[in-house]
Amino acid sequence: NAGVTQTPKFQVLKTGQSMTLQCAQDMNHEYMSWYRQDPGMGLRLIHYSVGAGITDQGEVPNGYNVSRSTTEDFPLRLLSAAPSQTSVYFCASSRQTSGRIDNEQFFGPGTRLTVL
Amino acid sequence: SQQGEEDPQALSIQEGENATMNCSYKTSINNLQWYRQNSGRGLVHLILIRSNEREKHSGRLRVTLDTSKKSSSLLITASRAADTASYFCAASTGSARQLTFGSGTQLTVLP
């Protein structure tokens, strides 16, 4: 199993550009999520999904869109990049029971994004 | 908002010593999880303790949970240089559909 994969590993954008960060998992996990990590801080939840076709906002959703058309994929879209979105982005997946994530989350290796 | 706050922010010890990290949280939890992050890498799950548990062990790791004090601690015994990493606690609260992470403890184990 590849686990959770993310592409690209690194990306530099100019202010105003848009892009999509890709995330895929091959563990048949229903729950997937996106976090951002800023220097010296923990992870903050951007968006999450409890299954195909179902997404919801986390703590810091502004400026980001997500969709979940398949169980495997959960792309994160930056609509109009801003310097404040410079960060490391992590995707994670988890089994869930009755809509609850009571189990460990598996993280991808991260995407390091710089917005100039 | 940060649900979990770790203490200390940084810890430096000699190989073979024990390392203790603490986490405090604000509201009732479903479970509390600990993760490790090596520099430049993703997070790796270490241990999960549920709200009705008080102590849990996994290898050299021991986690305790005190729901009356809204706090948890992670003990790493007989530390090794390879344990050098950042350690984060993460709280599952409410509907248990979100994890809220603390800001982490940077552990350095000197050989």
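These numbers were taken from a predicted model, which means no experiment stands behind them.

Moving on: the overall build of chain A. Helices and strands together make up the secondary structure of chain A, namely zero helices and 11 strands. By the compact-globule yardstick of 13 Å for 116 residues, chain A fits well, its C-alpha radius of gyration being 13 Å. Each of the three principal axes of chain A carries a C-alpha extent, and together these read 40 × 25 × 25 Å. Of the contacts made within chain A by residues no fewer than 6 positions apart, 54% connect residues no fewer than 24 positions apart. Only carbon and sulfur atoms are counted for the fraction: they give 49% of the accessible area of chain A, which is about 5,200 Å². Averaging the positions of the 9 positive and the 9 negative side-chain charges in chain A gives two centres separated by 9 Å.

Turning to the sheet that holds strand 1 (residues 5–7) of chain B, a few remarks are in order. Residues and elements named next belong to chain B. Strand order in this open sheet of five strands is 1-3-8-7-6, and the pairing throughout is antiparallel. Two strands lie at the open edges of the sheet, namely strand 1 and strand 6 (55–58), each paired on one side alone. The mean angle between the axes of side-by-side strands here comes to 20 degrees, regardless of whether they run parallel or antiparallel. Alignment of strand 6 against strand 7 (residues 61–66), held across four bridges, turns out to be antiparallel. Bridge pairing in strand 7 links H57 to R62.

Inspection of every chain in the model, using the stated rule, returns seven aromatic pairs over all chains. Centroid distance F107(A) to F101(B): 6.2 Å. Interplanar angle 80 degrees. Geometry classified as edge-to-face. With F107(A) in strand 10 (residues 106–107) and F101(B) in strand 10 (residues 99–101), this residue pair bridges two chains. Each member of the pair, F107(A) as well as F101(B), carries the same accessibility label: buried. Ring pairing ties together the aromatic residues Y35(A), F107(A), Y35(B) and F101(B), which thus form one cluster.

Contact residues are listed per partner, giving 25 residues for chain B and 25 residues for chain A. Counting the surface lost from both chain B and chain A, the interface buries some 1,900 Å², and carbon and sulfur atoms represent 47% of this. Between the two partners, chain B and chain A, sit zero salt bridges. Here chain B and chain A share three residue pairs in polar contact (both at pLDDT 80 or more) between them. Mapped onto the side of chain B that touches chain A, the elements with two or more residues apiece are strand 4 (29–37), strand 5 (43–50), strand 9 (85–93) and strand 10 of chain B. The element contributing the most residues to the side of chain B that touches chain A is strand 4 of chain B, with five residues. When the residues that make up the side of chain B that touches chain A are grouped by side-chain class, the tally is seven nonpolar, 15 polar and three charged.

In this section: the sheet that holds strand 1 (residues 4–7) of chain A. Residues and elements named next belong to chain A. In spatial order, the strands read 1-3-8-7; together these four strands make up an open sheet with antiparallel pairing. Only two strands of the sheet have a single partner each, and these edge strands are strand 1 and strand 7 (64–66). Adjacent strand axes in the sheet meet at a mean angle of 20 degrees, parallel and antiparallel pairs treated alike. In terms of strand pairing, strand 1 meets strand 3 (residues 19–25) through four bridges, oriented antiparallel. Bridging from a neighbouring strand, V4 pairs with Q25 of strand 3.

Time to look at the pairing of strand 4 (residues 31–37) of chain A. All names here are of chain A. Within strand 4, seven of the seven residues are buried, leaving the element largely enclosed by the surrounding structure. Pairing analysis gives seven bridges linking strand 4 to strand 9 (residues 87–94), with the strands arranged antiparallel. Looking across to strand 9, one finds that Y35 is bridged to F90. Hairpin connection of strand 4 to strand 5 (residues 43–51): five residues between the antiparallel strands, including G40 at a positive phi of 70 degrees.

Conventions we followed
Residues numbered from 1 in each chain as written. Chains lettered and ligands numbered in written order. Predicted model: local features only at pLDDT ≥ 70, side-chain atom pairs only at ≥ 80, totals over all residues. Heavy atoms only, no water. Helix = DSSP H or I, 4+ residues; strand = E, 2+ residues; numbered from the N terminus. Rg over C-alpha atoms; globule rule 2.2 N^0.38 Å. Contact = heavy atoms within 4.5 Å. Areas by Shrake-Rupley, 256 points an atom, 1.4 Å probe, with all protein chains shown as cover. Lys, Arg positive; Asp, Glu negative; His and termini not counted. Charge placed at Lys NZ, Arg CZ, Asp CG, Glu CD. Pairing = 2+ DSSP bridges. Axes fitted to C-alpha atoms, helices over the stretch in contact; angles between N-to-C directions. Phe/Tyr/Trp six-rings, centres within 6.5 Å; stacked < 30°, edge-to-face > 60°. Buried < 20%, exposed > 50% of the residue type's maximum accessible area, 1.4 Å probe, protein only. Buried area = accessible area lost by both parts, 1.4 Å probe. Salt bridge = Lys/Arg side-chain N within 4 Å of Asp/Glu carboxyl O. Polar contact = N/O pair within 3.5 Å; in protein donor to acceptor, adjacent residues only side chain to side chain. Nonpolar A, V, L, I, M, F, W, Y, C, P; charged D, E, K, R; others polar.

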